[in-house]
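So the chains spell out like this:
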Amino acid sequence: MGVAGQLQQRELFAVHVAVALCCAGLLCLAGHGLRWRRTALAMVLMSGMLTGWGAAAWRASVRMAEVLPAELEGQDLVVRGVVASLPQRSAAGMRFLFEIDTARWGGQVVVVPRTVSLGWYRGFHEQASLEEPQARLRAGQAWTFTVRLRRPHGLLNPGGFDHELHLFEQGVRATGTVRTGRQARAELMDPEAGHPIERSRHQVRERIGRWVDDPAAAGVLAALAVGDQSAIARDDWQVFRDAGVAHLMSISGLHVTMFAWLAGLLLRWLWCRSARAPLWCPAPRVAAVGGLVAATLYALFSGWGVPAQRTVWMLATVTVLQWGARRWPWPFVLLAAAVVVTALDPWALLQPGFWLSFSAVAVLMASGPVSGVRPPDAGAGSGRGLPVDPDSDPDPITTPSPWRRLAAHMLHHLGAGLRTQCIATVGLAPLTLVFFQQLSLVGFAANLVAIPLVTLLLTPLALMGAVFPPFWLAGAWIEQQFAAALQWLTLMPGAVWTVASAPLWAQAAGLLAAALGVMPLPWRLRLLAVPLVLPLLWPPVDRPDEGRFDVLAVDVGQGSAVLVRTRSHLLVYDAGPRYSADSDAGARVLLPLLRQRGEARIDRLVLSHRDLDHVGGAEPLLRQVPVEELLSSLEPTHPLQALAPRRRRCETGQGWDWDGVKFEVLHPTPAEFARPRSSNAVSCVIRVSGAQGSVLLAGDIERPQELALVAAEAPLRSDVLMVPHHGSRTSSSAAFLDAVGAQVAVVQAGHQNRFGHPVAEVLQRLDVRHIVVHASPACGAWHWSGAASSPQQSTCERDRSRRYWHHAP
């Protein structure tokens with residue numbers, strides 16, 4: 001509870017305050033030692049909370065102190081260090097952790113964060129994602145690079161992935177790129193400078209690629225053997241998520257635990273073969289310690305990811321408690337393990353994996369022992385339960401044959417496995433909906449096969465292939481059949497259940513329903529789970545009133561994407577950029593955001609023009625979300641046109657009314673299409689007006705188009721302006737700004753983008769007119785609710801959800 005409180009801080013305490021909190025916690029514990037009966041429990045609780053809060057704050061302060069100086073951001077630095085992780089490959093290039101030994105700026109030694117995340121790409125133009133990535137890089141090598149660093153900064157949207165928290169938890173305090181060109185250095189200094197485990201992982205991954213021809217199968221084997229999740233393609237990840245087996249395709253707690261269990265069984269069997277060893281140390285203790293050691297080695301070889309670390313700390317805690325020769329109730333064992341994990345990694349409390357891991361164990365323990373008939377055993381008695389005389393001959397009628405005993409054991413374990421899977425499915429379904437707003441309805445059937453197949457067959461084959469590579473060929477064949485079966489499952493109607501993000505009270509009710517559903521309680525009490533879970537399955541969704549609209553300018557980086565929601569319709573204006581050949585704003589940002597908001601369809605998708613920073617994320621939307629109509633300025637032969645069931649060109653004079661909200665297309669004119677100068681010149685400009693005000697969506701129009709709109713006396717007057725062309729100097733002319741007369745201007749641009757958007761002269765023109773500016777690097781997603789009476793009451797996600805690890809540009 002103390003750590004959870006500290007994680008809600010917007011700003012950190014000073015270090016001496018954190019130390020004082022820890023000291024206060026120890027004093028409270030000393031007060032408990034005085035055995036004050038009435039206050040003993042309160043003192044213990046206060047001690048834990050103060051110590052947890054203070055310790056987490058102290059660790060955060062130490063990590064926050066390792067910061068990149070502001071004057072070094074974006075500068076060319078010459079750094080020397082070691083590649084500290086397995087390079088993550090993508091179509092755009094490679095990304096890896098780099099431990100810096102020395103850094104120089106202009107010949108002078110400078111202090112920079114020790115661990116940084118670097119990307120090494122061919123270039124920065126739009127076709128860079130199609131070029132061959134750098135191929136010489138290996139883990140454990142020492143390099144000298146010319147790099148440009150910046151402080152960690154990620155996209156920030158409602159309910160979206162917190163990239164800055166992810167880097168902070170890993171201890172990465174700067175990100176950057178390796179510079180290329182004549183003035184830049186990229187020199188290999190030592191091919192085996194350090195990190196032998198990472199070098200071994202890299203070798204195994206390369207060997208898998210050489211032995212297995214199928215990239216999809218090779219990617220899964222690499223993910224299971226060395227934890228390289230980037231080896232699995234995006235489309236394959238989507239199939240695994242829809243089938244509910246994505247947790248098995250990475251080195252998760254289940255893999256580490258199963259590895260420890262198998263190693264413990266083997267060690268116990270070997271230990272019991274000796275007559276003296278069990279007298280020296282009991283076999284169960286040896287098995288527990290051996291399993292823990294094996295799990296630690298496996299976690300290290302798989303990359304020592306955060307989920308694997310959590311599992312190792314859990315196993316270590318349970319092993320220590322077992323060696324204490326005391327029998328702890330299972331809730332206290334779990335609680336002790338959670339305390340240890342939280343103390344070592346305070347930020348784990350914000351990760352879904354933490355809660356899913358502990359909840360999975362908790363629901364299985366809370367559900368009670370396996371009920372049913374004990375499998376028959378030789379000498380246990382007759383079929384009628386009568387005692388058997390040990391001196392008499394066995395009765396061939398009442399004594400089971402070996403085959404019948406084997407069948408009974410198999411049925412017993414099959415029943416236990418089905419019961420375990422049912423409990424896990426029911427118990428974790430509400431938590432899955434809370435975190436991900438979707439639930440695989442075919443996941444129960446898929447996991448019945450996938451858990452034993454992946455854990456007991458595919459993963460061992462992936463690991464044993466490092467010793468005998470033909471095992472990889474067998475594993476690849478099995479993976480291909482498995483993937484085909486999953487593909488068939490996910491194509492079934494209703495394979496995935498998606499819901500909107502539920503309010504806190506509905507989430508709490510759903511979690512209580514899961515607890516009631518799995519605990520060994522009377523059925524009358526269990527039936528209460530049904531009404532409790534309904535608000536989570538069909539959560540109430542907040543929609544604007546008639547005549548009002550809701551606007552969300554999504555934080556997509558250097559690009560544009562805006563959601564306009566009326567009472568019963570949704571318009572999506574632009575779909576954000578394509579970041580690389582295998583990553584875009586549609587899949588990374590917009591699809592999760594639409595799911596979180598409970599948007600089942602898009603009534604109209606407007607693509608203002610063909611530039612990749614506006615249409616780069618459109619393909620996933622058109623393929624995975626029902627889109628009623630595509631309105632765009634794209635040429636008829638553009639590939640996106642074929643994906644839309646209905647499509648038309650946006651032109652001046654078009655308009656429609658949704659739920660009392662008026663939409664007007666102001667640009668382009670038919671003449672603009674006849675003599676196109678650039679793609680920006682035919683950007684769709686749409687004005688949205690309702691009871692609370694109006695918004696002008698200006699696309700990337702430039703000064704000539706702005707002046708043409710002013711000369712034509714188009715109805716430009718709006719309360720909010722989506723600044724044209726991301727704040728470029730070729731747009732936002734004075735006459736245009738005067739004609740719009742906005743109170744608020746929103747700039748969608750990337751943090752420290754290479755174009756310098758928004759430029760100073762545009763900001764100055766906005767400031768002179770007393771227009772409040774919200775730029776996405778400092779604001780995150782910008783939201784104007786339909787319930788607000790003025791755009792001045794709009795909110796920025798970076799302000800609303802700010803925590804101390806978030807960057808404040």
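What you are looking at is a predicted structure, and each value in this text was computed from that prediction instead of being measured.

Calculation rules
- Residues numbered from 1 in each chain as written.
- Predicted model: local features only at pLDDT ≥ 70, side-chain atom pairs only at ≥ 80, totals over all residues.
- Heavy atoms only, no water.
- Helix = DSSP H or I, 4+ residues; strand = E, 2+ residues; numbered from the N terminus.
- Rg over C-alpha atoms; globule rule 2.2 N^0.38 Å.
- Buried < 20%, exposed > 50% of the residue type's maximum accessible area, 1.4 Å probe, protein only.
- Contact = heavy atoms within 4.5 Å.
- Areas by Shrake-Rupley, 256 points an atom, 1.4 Å probe, with all protein chains shown as cover.
- Lys, Arg positive; Asp, Glu negative; His and termini not counted.
- Charge placed at Lys NZ, Arg CZ, Asp CG, Glu CD.
- 1 Å grid on protein atoms, 1.4 Å probe; cavity = no way out; pocket = protein on both sides within 12 Å on 5 of 7 lines; lining within 4 Å.
- Points joined across faces, edges and corners; volume = space filled by probe spheres on them.
- Nonpolar A, V, L, I, M, F, W, Y, C, P; charged D, E, K, R; others polar.
- Disulfide = S-S within 2.5 Å.
- Core = buried A, V, L, I, M, F, W, Y, C linked by side-chain atoms within 4.5 Å.
- Expected span 1.5 Å × (residues − 1).
- Arc of directions from axis to C-beta.

Caption draft 1: Expanded view of the overall build of the protein. Regarding its fold elements, the protein presents 28 helices and 27 strands. The C-alpha atoms of the protein give a radius of gyration of 30 Å, which matches the 28 Å a tight globule of 809 residues would have. Along the longest, intermediate and shortest principal axes, the C-alpha atoms of the protein span 110 × 70 × 65 Å. Relative to its 809 residues, the protein shows a buried fraction of 49%. Within the protein, counting contacts between residues at least 6 apart in sequence, those at least 24 apart form 69% of the total. Here the protein displays about 38900 Å² of accessible surface, and carbon together with sulfur accounts for 61% of that area. Placing the 72 positive and 62 negative side-chain charges of the protein at their respective mean positions leaves the two points 7 Å apart.

Caption draft 2: Here's a closer look at the layout of surface pockets. Considered as a void within the structure, the second largest pocket measures approximately 1200 Å³ in volume. Contributing to the lining of the second largest pocket are 35 residues, with Met1, Leu335, Ala336, Ala338 and Val339 lying nearest its centre. Only helix H1 (2-6), helix H2 (15-33), helix H3 (40-65), helix H12 (330-344) and helix H13 (352-366) provide two or more residues apiece to the lining of the second largest pocket. Element by element, the count of residues in the lining of the second largest pocket is highest for H3, at 11 residues. Of the residues in the lining of the second largest pocket, the class split is 27 nonpolar, seven polar and one charged.

Caption draft 3: Layout of the state of the cysteines. Enumeration over the complete set of coordinates arrives at two disulfides. A disulfide bridge connects cysteine 650 with cysteine 684, and the sulfur atoms are separated by 1.8 Å. Judged by the sign of its S-S torsion, about -70°, the bond between cysteine 650 and cysteine 684 is left-handed. Linking cysteine 650 in the loop between strand S18 (647-649) and strand S19 (655-658) with cysteine 684 in the loop between helix H23 (670-674) and strand S21 (685-690), this pair joins segments that are 34 residues apart in sequence. Both residues of the pair, cysteine 650 and cysteine 684, count as buried. Across a sulfur-sulfur distance of 2.0 Å, cysteine 779 and cysteine 796 are joined as a disulfide pair. Disulfide cysteine 779-cysteine 796: the torsion about the S-S bond is -100°, which places it as left-handed. Taken together, the residues cysteine 779 in helix H27 (residues 776-779) and cysteine 796 in strand S27 (residues 795-796) connect sequence positions 17 residues apart. An identical accessibility class is assigned to cysteine 779 and cysteine 796; each is buried. Shown here for the protein is a disulfide pattern of 1-2, 3-4, where each number marks a bonded cysteine counted in sequence order. Distance from the sulfur of cysteine 23, which forms no disulfide, to the nearest cysteine sulfur (cysteine 22) is 6.9 Å. On the basis of relative accessible area, cysteine 23 is assigned to the partly exposed category, the value being 41%.

Caption draft 4: Geometry of the nonpolar core. If you look at the biggest cluster of nonpolar residues, it comprises 37 residues, and the most contacted ones within it are Ile208, Val212, Leu221, Phe240, Val245, Met249 and Leu486. Elements that contribute at least two residues to this core include exactly helix H5 (196-211), helix H6 (215-226), helix H7 (234-243), helix H15 (443-464) and helix H16 (470-490). Looking at this core, the element that brings in the most residues is H6, giving nine residues. Residues within four places of isoleucine 208 in sequence aside, it is in contact with Ala218, Leu221, Ala222, Ala225 and Trp472.

Caption draft 5: Region of interest: helix H8 (residues 253-272). Taking 1.5 Å as the rise per residue, H8 with 20 residues should run 28 Å; its terminal C-alpha atoms sit 28 Å apart, in good agreement. Taken together, the buried positions of H8 are Gly253, His255, Val256, Ala260, Gly264 and Trp271. Projection of H8 onto a plane perpendicular to its axis shows the buried side chains occupying an angular sector of 165°, all on one side. Exposed side of H8, more than 90 degrees from the buried face: Leu266 and Trp269 are the residues found there.

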